[in-house]
Amino acid sequence: MDKIRKFRDNPPLITDEARDAARAQLLHAMREPALTVRRQRRPRLAWRLVLATSLAVATVVGFTVTRDADQPVIVPIANVGELGERAARAAETDPDAIVLSPGKWLYTKETIAPLLKEPRPEVDMEQRITLERWNSADGKQTALDDGTGRLVHHETGPGITATDLAEAPVTPEEMLTRMRAALSGKPVTPAADESDGTMEERLFQTIHQLMSGQPLVPEVRAALFRALPMIKGVSVKQDAVDATGRHGNAFVYTGAWQRSEIIISPEDYRFLGTYGETVTDRTFFSERVGTVKAGTPTVWTAYLESQVVDRPGDRP
Amino acid sequence: MTSTQAEEMVEADDAELIRRSHDVPEQFAGVFDRYIDQIHRYISRRLGSQAADDIAAQTFLIAFSQRESYDLTHRLARPWLYGIATNLIARHRRNEERFLRALCRTGVDPLPEPMADEAVGRVAAQMEERRLAKALAALSQRDRDVLLLVAWGDLTYEEVAVALGIPIGTVRSRLHRARKKARAAFGDEDPTAEDA
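Owing to the predicted nature of the structure, the values given are computational and were not obtained by experimental measurement.

About the cut-offs
Chains are numbered independently. Their residues run from 1 in the order of the written sequence. Chains and ligands are labelled by the order in which they are written, letters from A for the one and numbers from 1 for the other. Only residues with pLDDT of at least 70 are given local features in this predicted model, and only at 80 or more are side-chain atom pairs given and counted; all residues enter the totals for whole chains, interfaces and linings. Working definition: helices are DSSP H or I runs of at least four residues, strands are E runs of at least two. Numbering for both runs from the N terminus. Each residue after the first adds 1.5 Å to the expected span of a helix. Three classes are used. A residue is buried when 20 or more other C-beta atoms lie within 10 Å of its own, exposed when 12 or fewer do, and partly exposed in between, with C-beta atoms placed from the backbone. Picture the helix axis, draw a direction to every C-beta atom, and the arc is the one those directions span. Strands were regarded as paired on the criterion that DSSP finds at least two bridges between them. For helices, the fitted line uses only the C-alpha atoms of the stretch in contact; every axis is such a line through C-alpha atoms, and the angle between N-to-C directions lies from 0 to 180 degrees. Each angle receives one of four descriptions, namely roughly parallel if under 35 degrees, roughly antiparallel if over 145, roughly perpendicular if within 65 to 115, and oblique otherwise. Our contact criterion uses C-beta atoms placed from the backbone: two residues qualify when those atoms are within 7 Å. Polarity classes work like this: nonpolar for Ala, Val, Leu, Ile, Met, Phe, Trp, Tyr, Cys and Pro, charged for Asp, Glu, Lys and Arg, and polar for all others, with Gly in that last group. Two helices that cross are described as forming a left-handed crossing if the nearer one is turned anticlockwise from the farther one by less than a right angle, and a right-handed crossing if clockwise. The predictor rates its confidence in each residue with pLDDT, a number between 0 and 100.

Turning to helix H7 (residues 127-138) of chain B, a few remarks are in order. Residue and element names in this part refer to chain B. A rise of 1.5 Å per residue sets the reference length of H7, with its 12 residues, at 16 Å; its end C-alpha atoms lie 17 Å apart and thus fit the reference within 8%. Along H7, the positions that sit buried rather than exposed are Leu132, Ala133, Ala135 and Leu136. Projected onto a plane normal to the axis of H7, the buried residues spread over an arc of 165 degrees and lie on a single side.

Glancing now at the pairing of strand E6 (residues 235-241) of chain A. Within a regular strand, side chains alternate between the sheet's two faces. Residues and elements named next belong to chain A. With seven of seven residues buried, E6 is to be regarded as a mostly interior element. Sheet topology places E6 next to strand E7 (residues 247-254); five bridges connect them, and they run antiparallel. When the sheet's bridge partners are listed, Val241 is paired in E7 with His247. Hairpin connection from E6 to E7: five residues lie between these consecutive antiparallel strands, with Gly245 at a positive phi of about 95 degrees.

Omega for the bond connecting A:Ala168 with A:Pro169 falls within 30 degrees of zero, at 0 degrees, which places this linkage in the cis form. Following the sequence through the fold, A:Pro169 ends up in the loop between helix H5 (162-166) and helix H6 (172-184).

Quick look at the packing of helix H9 (residues 157-164) of chain B against helix H10 (residues 168-185) of chain B now. Between two packed helices, both the angle of their axes relative to each other and the distance between the axes serve to describe the pair. Residues and elements named next belong to chain B. Contact geometry of H9 with H10 gives a least axis separation of 8 Å together with a crossing angle of 105 degrees. The pairing of H9 with H10 is recorded here as roughly perpendicular in orientation. Here H9 contributes Tyr157, Glu158, Val160 and Ala161 to the contact with H10, which in turn contributes Ile168, Val171 and Arg172. Classifying every residue of the contact of H9 with H10 by side-chain character gives five nonpolar, no polar and two charged.

Our focus in this paragraph is the interface of chain A and chain B. With 35 residues of chain A in contact, the opposing surface of chain B contributes 43 residues. Elements that contribute at least two residues to the side of chain A that touches chain B include exactly helix H1 (2-6), helix H2 (16-30), E6 and E7 of chain A.

For the pair H2(A) and helix H4 (residues 49-65) of chain B, the least separation of the axes is 9 Å and the interaxial angle reads 25 degrees. It follows from the interaxial angle that H2(A) and H4(B) lie roughly parallel. Our pair here, H2(A) against H4(B), has a crossing hand that is right-handed. Where H2(A) approaches H4(B), its residues A:Ala18, A:Ala21, A:Ala22, A:Gln25, A:Leu26, A:Ala29 and A:Met30 are matched on the opposing element by B:Asp53, B:Ala56, B:Ala57, B:Phe60, B:Leu61 and B:Phe64. Grouping the amino acids of the contact of H2(A) with H4(B) by side-chain chemistry returns 11 nonpolar, one polar and one charged.

As a further point, take the confidence of the model for chain B. Residues and elements named next belong to chain B. Averaged over every residue, the pLDDT of chain B is 80; the share at 70 or more is 77%. A low-confidence stretch, residues 1-9 (pLDDT under 50), is modelled with one contact involving residues beyond four sequence positions or located in other chains. Low pLDDT, under 50, characterises residues 112-125; the predicted model gives this stretch 32 contacts beyond four residues in sequence or across chains. Across the predicted assembly, pTM comes out at 0.52 and ipTM at 0.81.

Structure below.
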């Protein structure tokens, strides 16, 4: 047994930063007695429409994630700062970066795991549906197909838009300052209750939403990537998988109730998708929701395509 | 001296901290402080330090959320925590095996310094380490868990049984199978044998 005992006998010690982050998460969980008695969270409009769409046109397909032989090799990332820097540099030099002119719309196409049974937050890991969205250039409007070909418009964004962030100076510190200011004036309502808590988690979720829907110019996208490691508690995951089975590195934030991942391509560091799962049991007031167990997947997406179009409903 | 004062003067065992945490959740921080380093170290040896940061944190969050169901007759929480960590590690089985196979194939261990610059800090593994990696990668997840909880976690057979929620006889049989496969991978040598 001694040979095995000596094998890898000298791993790096836990850093003070990691220990403090883990302790902070635990203390946060301790101070959240309401976790077991929170009100039911309303699924976001997009998700509700997605569910309606999936039922209406039966676009749900069985899906099994497998690892293809031609998957890119994932190079280990030293730390979350390195991942942020690599992603930022890639964003700054992306030859295919999209810059929207006023009046134009950003068409985005995603594959997502649909809700298993509304109103429970659990997604069905075995199914996939396609979600198409049109986001206005100012980042204030989103249009979705409701499944019958009719577009539904609604105000979007996490309280701050791509336009707000694009005003000079565009620095990581400034991005965080503006997001904090926007979030400070935005109460954590059940509808906006993505994060359930700390400002750090809400900042992470805000970037999560900005990345997946807003028409970000390269400078802003780069600044957001550099801002992620500056959020206390954000770490890196070496091998994350998006909803199409693509592997990548991920920025990770573990909150009191759920863990969220922003998945990045290991090849060109572009945004691939998101994953989220609960980390503690939680009982909701609504009997229709009941108890959601730790380890329940709550979001799984893959970002497929984005193009400039003239108006909502147009497809590339 | 009141009984409370006397109680505070004697360091509480894990079960007592967990019992107290039912009413005063902050008491659970004592369990975290006692075990975070070794739980992180164990995970780090299996999956690397970055993954360990995340999984170790999750281990204690899950432990905290499940503290009401902790069997207070077990004075030490160590096996329980290793059990939770092992369940979380299982979700990363493919990564673990990929890292081991990479070490076996290339002689470069992605762990325990997975974060070092590519040109710095990587040392070609000795042939023995490559063979060990191959042997570990070839084990089933369940057999590997038992072997490494004993070898790296320093858990007794009884503690492994508690950690994994399996009978001690199953621990012995899995360990026996793991050792047999490791011996086969090493030819005549037994990498699981204790040094004299």
